[in-house]
Amino acid sequence: MLAGKTIVVGVTGGIAAYKAAELVRLLVKDGAFVRVIMTKNAQEFITPLTLQTLSGNPVATETFNLTQESEIGHIRLADTADLILIAPASADVIGKLAHGIADDLLTTVLLATMAPVLVAPAMNVHMYAHPAVQENIRILGQRGYRFVEPAEGFLACGYEGKGRLADPEDIVEEARATLTKKDLTTERIIVTAGPNAEPIDPVRFITNRSTGKMGFAMARVAWRRGANVTLVSGPTSRTPPRGVRFRSVRTALEMQQAVLSSYDDATMVISAAAIADYRPAHVAPQKIKKQDGAFVIEMTRNPDILAGLGQQKGNRLLVGFATETENVLQNAMGKLQRKNLDMIVANDVTQEGAGFAHDTNIVTLIDRGKRMETLPLMSKDEVAHTVYDRLLALRKGIGESENRGIGDDH
Ligand code: CTP
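Before going into details, it helps to say that this report is about the structure given with it. Every value quoted in this text rests on a predicted model; they were computed, and no experiment measured them. (Residues numbered from 1 in each chain as written. Predicted model: local features only at pLDDT ≥ 70, side-chain atom pairs only at ≥ 80, totals over all residues. Heavy atoms only, no water.)

### Looking at helix α7 (residues 105–112)
Every α-helix carries 3.6 residues per turn, so stepping three or four residues along brings you back to the same face.
Right, so step 1: Of all eight residues in α7, six are buried, a share of seventy percent or more.
Right, so step 2: For α7, the full list of buried residues reads Leu 105, Leu 106, Thr 107, Thr 108, Val 109 and Leu 110.
Right, so step 3: Elements that come into contact with the buried residues of α7 comprise β1 (6–11), β2 (33–38), α5 (74–80), β3 (83–89), α6 (91–98) and β4 (117–121).
Right, so step 4: Measuring from the backbone nitrogen of Leu 106 back to the side-chain oxygen at the start of α7 gives 3.4 Å, which picks out Asp 104 as the cap. (Buried < 20%, exposed > 50% of the residue type's maximum accessible area, 1.4 Å probe, protein only. Helix = DSSP H or I, 4+ residues; strand = E, 2+ residues; numbered from the N terminus. Contact = heavy atoms within 4.5 Å. Polar contact = N/O pair within 3.5 Å; in protein donor to acceptor, adjacent residues only side chain to side chain.)

Printed below as a string of structure tokens:
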């Protein structure tokens, strides 16, 4: 995601400075080229050597150091950055930035850069709540600076409240979002994900092998691209993506209700959930005891949620996923037509690297004009990006001509 991006991380003085180590590690792991600037006070909490080792690059600390200036150069740092991330950001650096003060290397680079700046404050709870700090944050927000709000919790200073540096994973996710084109800002997207769990009795249920990875990727990527996202998910072990409205459900009927309650406002529905086609006709009120002989569960049909949405589609774009083990394209095409969809993402789970529990997928996109595009093995995030690219193209009416492949304009 961050491959090929240069991220300048500004570390200021505060106990949370030690968390910059984890942050830099995660950024590098995500493929970013990381340059670290430390203020004088930051070096009281963590050494430049730590961040130099983790970033793989020399750490800049002084504006007027001849060696550093010739090797790194503060204007070069400002110019080459795709993003500047201040984490942790002290009340001091926020105040200086809000008032145009440049009295050390970090604040000088911050004034000189044209790159987006993401600020992750961390400080004592009363400092954070101080009107001067809040006013400075407001000023910077109005100027387009993005913030990752501090978390609530136990602070190193002994107080409890808001002031703890946001989780490094969340800061990295904000960095990704900051660097992602915002072309879905007018979309309100419902994404369904994961399996259903249909109860048999109070302790047993019927489910399937969906892990929710593809649906969560669809929700995460939509949020990064600026959409308003509601993620309706069956039971999974995943943490809800940052920024999305999360609705946790178990059964297909609960999922249907959750989807319908947001459907009026929705502009797109991405149905990535492996929705249970059947549920036990009777749920036993007590745990069922074993008996001699076979045990038969009578099943009753669940509604086809997506087909129902397709009947009252309006201007919405509807996307289905077809997970198949045979006759993949033929089955997928049938579902596209039967459910009145705009696109179906066909997925042969017998292929290596595709399907449940994988981070990658191999899919064929089929759109309402029956145009097919088989994507190479790619991450589920990349699949999600491609699906949204194609949906935007469909919405604009690009690629409506029958004799073009839907991928030709990319
Ligand atoms: N789907 C749905 N409601 C259901 C079953 C499926 O909305 N009761 C949606 C899925 O989320 C998916 C698409 O329909 O986007 C295709 O699901 P799939 O399980 O592949 O197909 P089915 O419609 O169940 O058809 P079949 O059982 O014949 O494979």
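### Description of the site of the ligand
Right, so step 1: What surrounds the ligand is a group of 14 residues, the closest being Ser 271, Ala 273, Leu 306, Lys 335 and Lys 339.
Right, so step 2: A distance of 2.6 Å separates an oxygen atom of the ligand from a polar atom in the side chain of Ser 271.
Right, so step 3: One nitrogen or oxygen atom from the main chain of Ala 273 is found 2.8 Å from an oxygen atom belonging to the ligand.
Right, so step 4: Calculation on the ligand without its partners gives an accessible area of 570 Å², and the protein chains cover 78% of this total.
Right, so step 5: Going through the elements one at a time, α13 (305–310) and β16 (317–324) are the ones with two or more residues in the shell around the ligand.
Right, so step 6: In terms of residue count, β16 provides more of the shell around the ligand than any other element does, four residues in total.
Right, so step 7: In terms of residue class, the shell around the ligand is made up of seven nonpolar, three polar and four charged. (Near = heavy atom within 4 Å. Areas by Shrake-Rupley, 256 points an atom, 1.4 Å probe, with all protein chains shown as cover. Nonpolar A, V, L, I, M, F, W, Y, C, P; charged D, E, K, R; others polar.)

### Brief notes about the sheet that holds strand β12 (residues 245–248)
Right, so step 1: Taking strand neighbours across the sheet as the criterion, the eight strands line up as β12-β11-β8-β13-β16-β17-β19-β20 in an open arrangement whose pairing is mixed. Pairing within the sheet leaves two strands with one partner each, and these edge strands are β12 and β20 (372–374). Going across the sheet, the axis of each strand differs from the next one's by a mean of 15°, ignoring polarity.
Right, so step 2: In this sheet, strand β19 (residues 363–367) lies alongside strand β17 (residues 343–348) in antiparallel orientation, the contact comprising five bridges. Each residue of the ladder has a partner; that of Val 345, found in β19, is Leu 365.
Right, so step 3: Strand contacts of helix α12 (residues 252–263): β8 (188–193), β11 (228–233), β12, β13 (268–271) and β16, with the helix running at about 175° to β8, the strand carrying the most contacts. (Pairing = 2+ DSSP bridges. Axes fitted to C-alpha atoms, helices over the stretch in contact; angles between N-to-C directions.)

### Structural notes on α12
Right, so step 1: Compared with an ideal rise of 1.5 Å per residue, which puts twelve residues at 16 Å, α12 spans 16 Å between its outermost C-alpha atoms and is within 8% of the ideal.
Right, so step 2: Along α12, the residues classified as buried are Ala 252, Met 255, Ala 258, Val 259, Ser 262 and Tyr 263. The buried side chains of α12 occupy one side of the element, clustering within an arc of 140° when seen end-on. For α12, exposure combined with an orientation more than 90 degrees from the buried face picks out Gln 257 and Ser 261. (Expected span 1.5 Å × (residues − 1). Arc of directions from axis to C-beta.)

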